[in-house]
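# Examining the three-dimensional arrangement
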Amino acid sequence: MLGIVGYGGFVASAAALCLTPGIDTVYILTRTMAGGRREGLASALGINTGLVVHTVLVAAGLSLVLAASPVAFGAIKVAGAAYLAVMGVRSILSGGSSLSVGEKDEGAPAASALRVYAQGVLTNVLNPKIILFFLALLPQFVATPNGFGPLPFLALGLTYVALSTLWTVVIVAVASPFSRLLTTSPRAGRVTSVVSGLVYIALGATILLTA
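We now turn to the structure provided with this report. (Residues numbered from 1 in each chain as written. Predicted model: local features only at pLDDT ≥ 70, side-chain atom pairs only at ≥ 80, totals over all residues. Heavy atoms only, no water.)

This part is about the overall build of the protein. Broken down by element type, the protein carries nine helices and zero strands. Looking at the 211 residues of the protein, the share that counts as buried comes to 40%. In the protein, of all internal contacts separated by at least 6 residues, the share reaching a separation of at least 24 is 87%. Roughly 10000 Å² of accessible area belongs to the protein as shown, and the carbon and sulfur atoms make up 75% of that amount. (Helix = DSSP H or I, 4+ residues; strand = E, 2+ residues; numbered from the N terminus. Buried < 20%, exposed > 50% of the residue type's maximum accessible area, 1.4 Å probe, protein only. Contact = heavy atoms within 4.5 Å. Areas by Shrake-Rupley, 256 points an atom, 1.4 Å probe, with all protein chains shown as cover.)

Taken together, the side chains of M1, L2, Y7, F148 and L151 present a nonpolar region at the surface, about 480 Å² in accessible area. Within the secondary structure, F148 is located in the loop between α7 (128–137) and α8 (151–182). (Patch = residues over 30% accessible without salt bridge, like charges linked within 9 Å, V, L, I, M, F, W, Y side chains within 5 Å. Salt bridge = Lys/Arg side-chain N within 4 Å of Asp/Glu carboxyl O.)

A word on α7. All of the buried residues in α7 are P128, I130, I131, F134 and L137. Two or three places before K129, at the opening of α7, N127 has a side-chain oxygen 3.0 Å from that residue's backbone nitrogen. (Polar contact = N/O pair within 3.5 Å; in protein donor to acceptor, adjacent residues only side chain to side chain.)

Right, let's talk about helix α1 (residues 7–19) for a bit. A rise of 1.5 Å per residue sets the reference length of α1, with its 13 residues, at 18 Å; its end C-alpha atoms lie 18 Å apart and thus fit the reference within 8%. Within the sequence span of α1, burial applies to F10, A14 and C18. Down the axis of α1, the buried side of the element spans an arc of 65 degrees, and every buried residue falls inside it. Opposite the buried face of α1, by more than 90 degrees, sit the exposed residues G8 and L19. (Expected span 1.5 Å × (residues − 1). Arc of directions from axis to C-beta.)

Glancing now at unusual backbone geometry. Going from T144 to P145, the amide bond is cis rather than trans, its omega being 0 degrees. For P145, the location among the structural elements is in the loop between α7 and α8.

The biggest cluster of nonpolar side chains holds 17 residues, and the ones touching the most others in it are F10, L51, F134, L138, F153, L156 and Y160. Elements with a minimum of two residues in this core: α1, α2 (23–60), α7 and α8. At four residues, the largest contribution of residues to this core is made by α8. (Core = buried A, V, L, I, M, F, W, Y, C linked by side-chain atoms within 4.5 Å.)

For the rest of this paragraph, the subject is the pattern of salt bridges. Applying the stated criterion across every chain yields a total of one salt bridge. Between R31 and E39 there is a salt bridge, and its shortest N-O distance comes to 3.4 Å. Take R31: its relative accessible area is 11%, and that puts it in the buried class.

What follows concerns the packing of α2 against α7. Relative orientation of the contacting elements α2 and α7 amounts to 50 degrees, with a least axis distance of 10 Å. It follows that α2 is oblique to α7 by the angle criterion. Taken as a pair, α2 and α7 cross one another with a handedness that is right-handed. Contact with α2, carried on its side by I23, D24, L51, H54, T55 and V58, involves K129, I130, I131 and F134 of α7 and no other residues of that element. A breakdown of the residues in the contact of α2 with α7 according to their chemical character gives six nonpolar, two polar and two charged. (Axes fitted to C-alpha atoms, helices over the stretch in contact; angles between N-to-C directions. Parallel < 35°, antiparallel > 145°, perpendicular 65-115°, else oblique. Left-handed = near helix turned anticlockwise from the far one by under 90°. Nonpolar A, V, L, I, M, F, W, Y, C, P; charged D, E, K, R; others polar.)

Across the interface, helix α4 (residues 70–94) lies against α7 with an axial gap of 9 Å and an inter-helix angle of 130 degrees. Taken together, the axes of α4 and α7 lie oblique to each other. When α4 is examined against α7, the residues F73, I76 and K77 are found in contact with a partner set consisting of P128, I131 and L132. Counted by class, the contact of α4 with α7 contains five nonpolar, no polar and one charged residues.

On to the packing of aromatic side chains. Summed over the entire model, instances satisfying the criterion amount to five aromatic pairs. Relative to Y200, the ring of Y27 has its centre 5.8 Å away and its plane inclined at 45 degrees; by these criteria the two rings are tilted. Of this pair, Y27 sits in helix α2 while Y200 sits in helix α9 (residues 186–208); the two residues are 173 residues apart in sequence, bridging distant segments of the chain. Classification of Y200 as buried rests on a relative accessible area of 4%. Ring centres of F133 and F134 lie 5.6 Å apart, and the angle between their planes is 55 degrees; on these two criteria the pair is classed as tilted. Looking at F133, the relative accessible area reads 22%, which means it is partly exposed. Taken together, the aromatic side chains of F133, F134 and Y160 make up a single cluster linked through ring pairs. (Phe/Tyr/Trp six-rings, centres within 6.5 Å; stacked < 30°, edge-to-face > 60°.)

These results come straight from atomic positions and should not be treated as a statement about function.
This is the structure we're talking about:
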């Protein structure tokens, strides 16, 4: 099918990998716990949109070029780490001064959700680990020689995106009720903001250390 070998095995592997905690899972959990269901869903959709971007890059052969260039790969690492570090510092400095979860879920402007969505996209696109992950996983299930060009890579990548989207929505659904418990007081809000900021900074450091 479209030059794909062992599609069932790919689905099983992709599902298992989605269930394995990683940077994306931690990021979405942190967003959900700090900002509630609205921010959690926006961040999940942003993260998975980033996966679509990586799928297109792999299908076009650009991910291989980026991975093979120390300068380009290093620039992506630094940009991704710096972006998360800035988000972390902002979260710490905010001191929990943002709206409560209830206000965010019921009356937050669309611009707020779009901002969180865009941050999720950038967080994933600037994660070099995803580049290496897709380059290592997808070619294993593409026939050699490949007579279908980018189609098998697109089909496999979008399958992974679909599974990831389902799983991240489940994560948000499970975590969002707990966010209300953590943001019922100003003190709890301040603690949540600091913890979220530290998590973002730690994720940035993890990206920076990507080999």
